[in-house]
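The chain contents come next:
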Amino acid sequence: MTTRKHTALPKARILIEALPWLTRHHGKVVVIKFGGNAMVDEELKAAFAQDVVFLHHAGLKPVVVHGGGPQISAALDRHGIASEFKAGLRVTTEDAMDVVRMVLAGQVQRELVGLLNRHGPLAVGLTGEDAHTISATRHLPEIDGEPVDIGRVGEITAIDAGAIEALLADGRIPVVSSIARSEDDGHVYNVNADTAAAALAAALGAETLMVLTDVEGLYEDWPSSDEVISRLTASQLEKLLPDLGSGMVPKMQGCLHAVRNGVHTARVIDGRVQHSILLEIFTDEGIGTMVVPDGQGES
C-alpha cells in the first residue's frame, strides 16, 4: 500500500520551524523601519503590510517607523523646491519642512495605515510630535571640522513612548512618522527615520529592531565581494562603521545604538524580497545581517 503524500506537509513543516521563534517573540515588541524599494513597489508594500499583520496575530507587538525620501523628493520637485544634501542629510528649509511634514504624515503614513487596515481595525498613525513621542534639537553636522546649518533637521534628545505603549496595550499597530517637536525653539524637525526607529526600539525595550534596505545586508568586503555578513557583535560593527557607505551609516549606527541600549537583536534586511520580515524572524536561514550585543551567545 503506497502512502499518499500530503501536499500540505511542507506547509506544516514551515509552521513547525517557526514555533521556537513564535515562542521566543510572543508578547515582545518588534520595531520595523519601513523604507527603500519596499515603500514604492506596490507588491512589496502589500507584502510588507501582510507581514506586519501576521506578526500582530502571531502574538508579537509590531511598531512601524517610516521616512519617505523618494516621496519627499518628488513632492519638493512639484513645489519647485530644490533637493540639496549635505553630509548625507537633506537640507530642510522652512518651506521644505512644510512639504516634508505633509508628505510623511499626510501621504506615506496614510497609505501605510490604509494597507494595514485592510486586514482589520489595527493601525493607528502618529508622528513624533504627538504626545511628545520624539523631541529633538537642531542638528549641526560637521563638514571639514566646521558645524554646518542644514535647516530643520533634528537630532533626537528624548523619547516618550507612552502613547505608543498605550496603543500596543490596546492591540493596535502604531505607525510613526519620523518628525519631531523641538525641545528648545518650538519648531518641527525632520529626523532620520533609521535613527528614530533605533531610539524608539531602545525606549520600548524592543526584542528586535528590523531595518528594511535595498541591499542584502552588510557586505563583508564591498565592492570586492558581495558576501553578506550574517551576524556580528556591537564591537565588530563599531570597527566597521568608518568604512561604510554613507547610506548604510545611519542604519548601522541605529543598530549599534539599539543593541547597546537593551534591544536583543538588530537586523538589516533586504526589503526587495517579498515577505523578508517573516523570512528573517521565523526561519533558520535568516536573510540579512544581524547585530547582537557583545558577549551574546548564538541567538
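Nothing here was measured: the structure is a model prediction, and the numbers come from that model.

(A) The arrangement of the overall build of the protein chain in detail. Assigned secondary structure in the protein chain consists of nine helices and 16 strands. Against the compact-globule benchmark of 19 Å for 299 residues, the protein chain has a radius of gyration of 20 Å, which places it among compact chains. Along the three orthogonal principal directions, the C-alpha set of the protein chain runs to about 80 × 45 × 35 Å. Burial status across the protein chain gives 49% buried among its 299 residues. Sequence separation of at least 24 residues holds for 72% of the intrachain contacts in the protein chain that already meet a minimum separation of 6. A distance of 8 Å separates the average location of the 25 positive side-chain charges in the protein chain from that of its 40 negative side-chain charges.

(B) Focus on the pattern of salt bridges. Tallied over the entire structure, the rule returns 15 salt bridges. For the salt bridge of Arg138 with Asp149, the shortest nitrogen-to-oxygen distance reads 3.2 Å. Taken together, the residues span a long stretch of sequence, with Arg138 in strand β6 (residues 134–138) and Asp149 in the loop between β8 (146–147) and β9 (154–159) at a distance of eleven residues. Here Glu280 ties to Arg267 by a salt bridge, and the two come within 3.0 Å at their closest N and O atoms. Taken as a pair, Glu280 in helix α9 (residues 276–282) and Arg267 in strand β15 (residues 265–270) lie far apart in primary sequence, 13 residues in all. By relative accessible area, Arg267 is classed as buried at 4%.

(C) Up close: helix α8 (residues 249–260). With twelve residues, α8 should cover 16 Å at 1.5 Å per step; its first-to-last C-alpha distance of 16 Å lies within 8% of that length. The complete set of buried residues in α8 reads Pro250, Lys251, Met252, Gly254, Cys255, Leu256, Ala258 and Val259. Elements in contact with the buried residues of α8: β1 (29–34), α6 (193–204), β13 (208–213), α7 (234–240), β15 and β16 (289–292). Once α8 ends, the next one or two residues include Gly262, with phi positive near 100 degrees.

(D) Seen up close, the nonpolar core. With 44 residues, the main nonpolar core has Ile32 and Phe48 as its most contacted residues. At the level of elements, α1 (9–25), β1, α2 (42–57), α3 (69–78), α4 (94–117), β10 (173–177), β13 and α9 are the ones that each hand at least two residues to this core. The leading source of residues in this core is α4, at eleven residues. Residues contacting Ile32, with those up to four places away along its chain left out, are Phe48, Val52, Leu55, Pro62, Val63, Val64, Val65, Met210, Leu212 and Ile277. If you look at the next biggest cluster of nonpolar residues, it comprises 40 residues, including Leu167, Leu200, Met248 and Ala258.

(E) Fine view of the sheet that holds β1. Pairing is mixed in the open sheet, where eight strands are placed in the order β5-β10-β2-β1-β13-β15-β16-β14. Only two strands of the sheet have a single neighbouring strand rather than two, namely β5 (123–127) and β14 (231–233). For this sheet the average axis-to-axis angle between neighbouring strands, irrespective of direction, equals 20 degrees. Packing against the sheet, α6 makes contact with β1, β2 (61–66), β10 and β13, and its axis sits at approximately 175 degrees to β1.

Cut-off values and rules
Residues numbered from 1 in each chain as written. Predicted model: local features only at pLDDT ≥ 70, side-chain atom pairs only at ≥ 80, totals over all residues. Heavy atoms only, no water. Helix = DSSP H or I, 4+ residues; strand = E, 2+ residues; numbered from the N terminus. Rg over C-alpha atoms; globule rule 2.2 N^0.38 Å. Buried < 20%, exposed > 50% of the residue type's maximum accessible area, 1.4 Å probe, protein only. Contact = heavy atoms within 4.5 Å. Lys, Arg positive; Asp, Glu negative; His and termini not counted. Charge placed at Lys NZ, Arg CZ, Asp CG, Glu CD. Salt bridge = Lys/Arg side-chain N within 4 Å of Asp/Glu carboxyl O. Expected span 1.5 Å × (residues − 1). Core = buried A, V, L, I, M, F, W, Y, C linked by side-chain atoms within 4.5 Å. Pairing = 2+ DSSP bridges. Axes fitted to C-alpha atoms, helices over the stretch in contact; angles between N-to-C directions.

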